[in-house]
Amino acid sequence: MLCPKVPSFMAHKLLRCQLQQINNIFNCSINIVPHHGQTYTTSNQTQPISFVPNSVPPSENELAELQDLIQKSKRLLVLTGAGLSTESGIPDYRSEGVGLYARSNNRPVQYTDFLNKAEIRQRYWARNFVGWPRFASFSPNVSHHVLSEWERVGKVNWLVTQNVDALHFKAGSKRLTELHGSAHRVECLSCENKISRNEMQKLIISQNPDWHASSIEMAPDGDVTLTWEQVEGFTVPPCQKCGGIVKPEIVFFGANVKKNIVNFVYERVAESDAILVAGSSLEVYSGFRFVNRAYDQKKPVAIVSIGKTRADKLANVKINAKCGDVLSAISI
């Protein structure tokens, strides 16, 4: 994947203002109408919605503690979660008051249901299809760019993200593991053929020339809310090589991260000398285990996340504030 040019570290303050404008633009309703192989998008501006929970700015003492921990680290491991991308306008699941679980009764698709029920796959792909143009257009925020810059100057030895939005790639990070995969890739569950999500979008359009639907609410993984009635008549393209079932190359709820990826990240933890968690409650074990391993190895743990996390008792430093406000204040 091509990575855009990373803006200079001094440009982050201006970038933050620009990103707020982007968030205001993207919080709008989307209507996708496929017709004769083309996709027409219309949007109606609505009142901007913030998916970032309320918080207070970090104190000088908190920033000084984090500055000291990061300054001393020579091989920093960073673990990021959905709370990092909420400042780009992408909702998360668990944030108090503004996460999907707080705003809606909708729940993510379980992996076994996706595998075993054709109607679940139909509904999933219809929702994902409508949401894709908006989801694909989200941009990195100041935190993504700061971490990319830290990697460039040698501060970040490795970055592990639980997010599937590819915003770290867009920001220029290269020493990166996408723990839960990426919504920007699609895989066949039979022959393992892979295509880009944009290619999948074209296939869906070609097989659904007269189908259309609209929705306002977006989920963290890019799909939107549609009724069963709206999904009627939607055709899910099979794998173009073998006719098998295709899904985004992400770890669905109820599935496990591949063992080789888990072991690879454990190796990165072993070679690190400190770990920074940014924007994650660590409620999902797939991420928490790496923080627990670092703690067992007596390595300093810093957490920047709004609200309680599963690893608060393991942290040397915990800052309950926006990632962008904290990370942009650290000097390298």
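Residues numbered from 1 in each chain as written. Predicted model: local features only at pLDDT ≥ 70, side-chain atom pairs only at ≥ 80, totals over all residues. Heavy atoms only, no water.

A. Region of the structure containing the nonpolar core. Formed by 31 residues in total, the largest nonpolar core has its most connected members in W125, W211 and L226. Contributions of two or more residues to this core are made by α6 (118-136), β6 (181-188), α9 (197-207) and β9 (246-250). Top element by residues in this core is α6. It accounts for eight residues. Counting residues in hydrophobic clusters, the runner-up holds 27 residues, among them L159, A302, A321 and I330. (Core = buried A, V, L, I, M, F, W, Y, C linked by side-chain atoms within 4.5 Å. Buried < 20%, exposed > 50% of the residue type's maximum accessible area, 1.4 Å probe, protein only. Helix = DSSP H or I, 4+ residues; strand = E, 2+ residues; numbered from the N terminus.)

B. Layout of the packing of aromatic side chains. Per the counting criterion, the structure on display carries 12 aromatic pairs. Seen from their ring centres, Y124 and W125 are 5.8 Å apart, and the 85° between their planes marks the pair as edge-to-face. On the accessibility criterion, Y124 (6% relative accessible area) is buried. Their ring planes at 40° and their centres at 6.3 Å tell us that W132 and F135 sit as a pair that is tilted. Pair noted here: W132 and F135 are both in helix α6, with a separation of three residues, about one helical turn. Judged by its relative accessible area of 5%, W132 falls in the buried class. (Phe/Tyr/Trp six-rings, centres within 6.5 Å; stacked < 30°, edge-to-face > 60°.)

C. Inspection of the packing of α6 against α9 at higher detail. In the contact formed by α6 and α9, the axes pass within 11 Å of each other and the chain directions differ by 115°. Read as a crossing pair, α6 and α9 show a hand that is left-handed. Residues W125, N128, F129, W132 and P133 of α6 form the contact with α9, whose participating residues are R197, N198, M200, Q201, I204 and I205. Of the residues belonging to the contact of α6 with α9, the class tally is seven nonpolar, three polar and one charged. (Axes fitted to C-alpha atoms, helices over the stretch in contact; angles between N-to-C directions. Left-handed = near helix turned anticlockwise from the far one by under 90°. Contact = heavy atoms within 4.5 Å. Nonpolar A, V, L, I, M, F, W, Y, C, P; charged D, E, K, R; others polar.)

D. Summary view of the environment of Q71. Tracing the chain through its elements places Q71 in helix α2 (residues 60-72). Taking the C-alpha atoms as reference points, Q71 and I330, separated by 259 residues in sequence, lie 9.1 Å from one another. Setting aside residues up to four positions removed in sequence, Q71 forms contacts with K155 and S331.

E. View of the UniProt feature "active site" (unreviewed entry) in the protein chain. Taken from the UniProt record, the annotation "active site" (unreviewed entry) applies to H180. For H180, a relative accessible area of 13% gives the class buried. With residues near it in sequence (within four places) discarded, H180 still touches T161, Q162, V164, E249, I250, V251, V257 and S286. (UniProt positions renumbered as here; feature names shortened; annotations may be inferred.)

F. Fine view of the side chain of T161. Take T161: it is sitting in strand β4 (residues 156-161). With residues up to four places along the chain from it excluded, the contact list for T161 reads T80, H168, L176, T177, E178, L179 and H180.

G. Focus on the pairing of strand β10 (residues 274-278). β10 sits mainly inside the fold: five of its five residues count as buried. In β10, alternate side chains face the same way, and those of A274, L276 and A278 on one face and I275 and V277 on the other are all buried. Direction of pairing for β10 relative to strand β11 (residues 301-304): parallel, over a ladder of four bridges. Within the sheet, the bridge partner assigned to V277 lies in β11 and is I303. Following the chain from β10 across helix α12 (residues 285-296) to the adjacent parallel β11, one finds a crossover that is right-handed. (Pairing = 2+ DSSP bridges. Right-handed = clockwise from strand over helix to strand, strands pointing away.)

H. Focus on the sheet that holds β9. Reading across from one edge, β7-β6-β9 is the order of the three strands in this open sheet, with antiparallel pairing throughout. Pairing within the sheet leaves two strands with one partner each, and these edge strands are β7 (194-196) and β9. Across the sheet, the axes of successive neighbouring strands diverge by a mean angle of 40°, strand direction being ignored. For β6 and β9, the ladder comprises five bridges, and the chain directions are antiparallel. What sits directly across from G181, in β9, is I250. The strands that α9 touches are β6, β7 and β9; relative to β7, the one it contacts most, it runs at about 85°.

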